[in-house]
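# Working through the structure, step by step
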Amino acid sequence: IENAQGKRLTFSLVGTNETNSLLNQISNESPVGEALIGHRMGDEISFMMPSGKMASYRIVSIKVAERAE
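A short tour of the structure in this document, coming up. Here the residue numbers are simple positions, counted from 1 along each chain's written sequence. In keeping with the model being predicted, local features are shown solely for residues with a pLDDT of at least 70 and side-chain atom pairs are shown and tallied solely at 80 or more, while totals for entire chains, interfaces and linings include all residues. Note: side-chain values were computed over all heavy atoms of the structure, leaving out hydrogens and water.

## Some words on the overall build of the protein
Helix and strand counts for the protein stand at one helix and four strands. Along the three orthogonal principal directions, the C-alpha set of the protein runs to about 40 × 25 × 20 Å. Across the 69 residues of the protein, 23% fall into the buried class. Look at the contacts in the protein between residues 6 or more apart in sequence, and 20% of them connect residues 24 or more apart. When the accessible surface of the protein is summed, it comes to about 5,600 Å², and 50% of that surface belongs to carbon and sulfur atoms. Here the protein contributes 7 positive and 8 negative side-chain charges, whose respective centroids are spaced 9 Å apart. Helix and strand labels come from DSSP, where a helix needs a run of H or I of at least four residues and a strand needs a run of E of at least two; each type is numbered from the N terminus. Any residue under 20% of the maximum accessible area for its type is buried, any over 50% is exposed, and the rest in between are partly exposed; the area is computed with a 1.4 Å probe on protein chains only. Contact definition: two residues touch when any of their heavy atoms are within 4.5 Å. Where accessible areas are quoted, they stem from the Shrake-Rupley method and a 1.4 Å probe; at the residue level, only the protein chains shown are allowed to cover. Asp and Glu count as negative and Lys and Arg as positive, but His and the ends of the chain are not part of the count. One atom stands in for each charge, and that atom is NZ of Lys, CZ of Arg, CG of Asp or CD of Glu.

## Quick notes on the packing of aromatic side chains
Pairing of aromatic side chains requires ring centres within 6.5 Å, counting the rings of Phe and Tyr and the six-membered ring of Trp. Pairs whose planes differ by under 30 degrees are stacked, by over 60 edge-to-face, and all others tilted. This model, assessed by the stated rule, comprises one aromatic pair. Summarising the aromatic geometry, the rings of Phe-47 and Tyr-57 are spaced 5.8 Å apart at their centres and angled 10° between planes, so their arrangement reads as stacked. Separated by ten residues along the polypeptide, Phe-47 in strand β3 (residues 44–48) and Tyr-57 in strand β4 (residues 54–58) bring together distant segments of the chain. Given a relative accessible area of 11%, Phe-47 falls into the buried group.

## Observations concerning the pairing of β4
Here β4 shows one buried face, formed by Ala-55 and Tyr-57, and one open face, formed by Met-54, Ser-56 and Arg-58. Two strands pair if DSSP finds at least two bridges between them. Note that β3 and β4 share five bridges and pair antiparallel. Bridge pairing in β4 links Glu-44 to Arg-58. Where β3 hands over to β4, the hairpin turn is made up of five residues, of which Gly-52 adopts a positive phi near 95°.

See the structure below:
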């Protein structure tokens, strides 16, 4: 995702039990995770950050991860 100033954030969206901030894995139940659900590349999303500030980003890329078996 990318904000209006061009700052990009890259992460993996995972289940709540799989989160790991060191590996940039965030929960699908986090504010940004919930904002992303149901959206596609090019969509604008907004969500409340932990600081209480509203953040807006555009989805610039989506990659589907391979499932571990």
